[in-house]
Each structure stands twice: as structure tokens, then as C-alpha cells.
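Structure at a glance
For reference, the chains in residue letters:
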Amino acid sequence: MPVFRDEAITLRHINFAEADRIVSFFSKKRGILKAIAKGGRKLKSRFAGRLEPFHHVEIVYFGKENTTLFNLNSVEFGNARKNIASDLEKYSRACYLTEMIASGLREGDANLPAFEAANAAFEWLDGETSPTALDWIVRFFDLKFLASIGYRPTLDVCVSCRKPLLQNGGDTEAAFDVSKGGLVCPACRPKSKSALVMSAGSAKFMGRIATTAFDKANRLKPSARMMQEISRSIIAFRNSRLQATIKSERFFA
Ligand SMILES: [Zn+2]
């Protein structure tokens, strides 16, 4: 039977039979996968402590190529993210990330940009010391993750007329058209019935998210007003594209 090695994030686990655990991972090469950890519930298990959610791990597993449940051979910490489980504010947001991953991807669909966005978001969440930055991590992840699964909002030009926003618009107000999936210029706005109005500063800031990598994201400092305005648009965009209710959001929203 083939043996596989992969880099992964532990997402969740359920107890199975008397002593086993079924663990769900988000892996780099195979996307979401499930594997059974034999004896994983025992205190002296070789998996002890390493099946808990949100850690970055190296896994070795085996099974038929097209199975839906692999056998877990070993789990080693790449990076143990021990700050998340002990902090309710971080934990609730980590649950949100997990739910987004499960809603946006099917089992067995490898998606490297999605994996990298998730891994970077959990890492940032684990290390972040400012409570006010936690929602910013979530919204930054939302845009990166949605883009990685094919829902990339148009933020550099007007989604209606395709003209550059700065040349075709004023500099006081902007708007995000949820159904079209992007920013609209003032000239096109009257035709966009579902557009959510925001300041030009917030619109520019949203554009910067699209062009900023995760490791540079903590240099962007959104104001409270920007967070409020971009969150409204990102959440509406997410809801219209994913068509799933993200339940864990109510624990921190
Ligand atoms: Zn336009």
C-alpha cells in the first residue's frame, strides 16, 4: 500500500471506536483529507497532543490512492501553535478559519494558495499579541482564501466599466457591488442597486489587501472605520459566493 508524506494543518478530530481517533487535516499536496489514528485516544499514544487542532505538522499516512479514510502512521510538529487553544478570542477565529476551509474546498482537492493562506493565517493568529488585530487577520484571510478558490473581487478597476478607479472617480466615496463582485466608480454607482458605500480610503485599502502578501500584512494598519466598512463588503461578498452559513462567526462578530 502506498505511503505518503505531507505538510498539513490539523483541523479537527472525532473519537472513533474504543481507542481511535479520526483526524481531519488540510494538507499541502492533497487538500482536506481524513485519516484514522489507531490508539489516538490513549494517553500514551504515539500521537499524544499532536492531533489537536490548528497545529502545523508533518504527516506520514498510507492507504489506497482514492480512499476517503487513510491510516495515519506518524505526526510530527512542524510548528505547534499552543497559544490558540488557551485564548478564547483566538480560538473562535481559528474555528472560523476551519469552517471557511471546509466550506470552500472538497476533500481531496489540493489547493496550494489556499493551503498557504490558511497556514499563514493560523500562524499569525497564534503569534498576534494585539486583540484588536484578530478581526483583521480574519478579513485578510477571507479575501486571500476566496481568491484562491476562484472568487477574486475586482479591486483595481471599476467592475462595471473597467476604468481605473482613481481616474474615473471622485476621492470622497466609493462602493462595492456585491453581485458583480467588485468596486464600482461613482459614474456607474447609480446602476448598482446592491452597492455598499464606503470611503475612498477604505476602497483603496481593500485594493492594497489584494496586492499584499501574508508576511507583509501586519504592516497595513486599518482604522476602525476601515475595518467596519471593508468587513461589511467582504462578508456580503463571501456569503453570496460560498452560499454557506459560517456559524462560528457569531462567537466573535
Ligand atoms: Zn465604472
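All values reported here derive from a predicted model rather than from experimental measurement.

1. Some remarks on the overall build of the protein chain
- Secondary structure assignment for the protein chain yields six helices and eight strands.
- The linear arrangement of helices and strands in the protein chain, starting from the amino end, is β-β-β-β-β-α-α-α-α-β-β-β-α-α.
- Residues counted as buried form 36% of the 253 residues belonging to the protein chain.
- A separation threshold of at least 6 residues defines the contact pool for the protein chain, and within that pool the share at least 24 residues apart is 60%.

2. Topic: helix 1 (residues 88-104)
- With 17 residues, helix 1 extends 24 Å from end C-alpha to end C-alpha; this agrees with the ideal 24 Å at 1.5 Å per step.
- Packed against the buried residues of helix 1 are strand 1 (3-16), strand 2 (20-27), helix 2 (112-127), helix 3 (134-148) and helix 6 (224-242).

3. A look at the domain arrangement of the protein chain
- Partitioning the protein chain into domains gives domain 1 (3-80) and domain 2 (82-253).
- Centre-to-centre, using C-alpha coordinates, domain 1 lies 30 Å away from domain 2.
- At the interface, 17 residues of domain 1 touch 18 residues of domain 2.
- Where the side of domain 1 that touches domain 2 is concerned, the elements lending two or more residues are strand 1 and strand 3 (31-37).
- Among the residues forming the side of domain 1 that touches domain 2, the class breakdown is eight nonpolar, four polar and five charged.

Reading the values: rules and limits
- Residue positions are counted from 1 within each chain, in the order its sequence is given.
- Predicted model: local features are reported for residues with pLDDT of at least 70 only, side-chain atom pairs are reported and counted for 80 or more only, and whole-chain, interface and lining totals are derived from all residues.
- Think of it this way: any DSSP run of H or I at least four residues long counts as a helix, any run of E at least two long counts as a strand, and we number them from the N terminus.
- Three classes are used. A residue is buried when 20 or more other C-beta atoms lie within 10 Å of its own, exposed when 12 or fewer do, and partly exposed in between, with C-beta atoms placed from the backbone.
- Each residue is represented by a C-beta atom placed from its backbone, and any two residues with such atoms within 7 Å are regarded as in contact.
- Given the number of residues in a helix, its expected span is that number minus one, multiplied by 1.5 Å.
- Boundaries of every domain are those given by an automatic assignment or by a domain database.
- Each residue gets one label: Ala, Val, Leu, Ile, Met, Phe, Trp, Tyr, Cys and Pro are nonpolar, Asp, Glu, Lys and Arg are charged, and the others, such as Gly, are polar.

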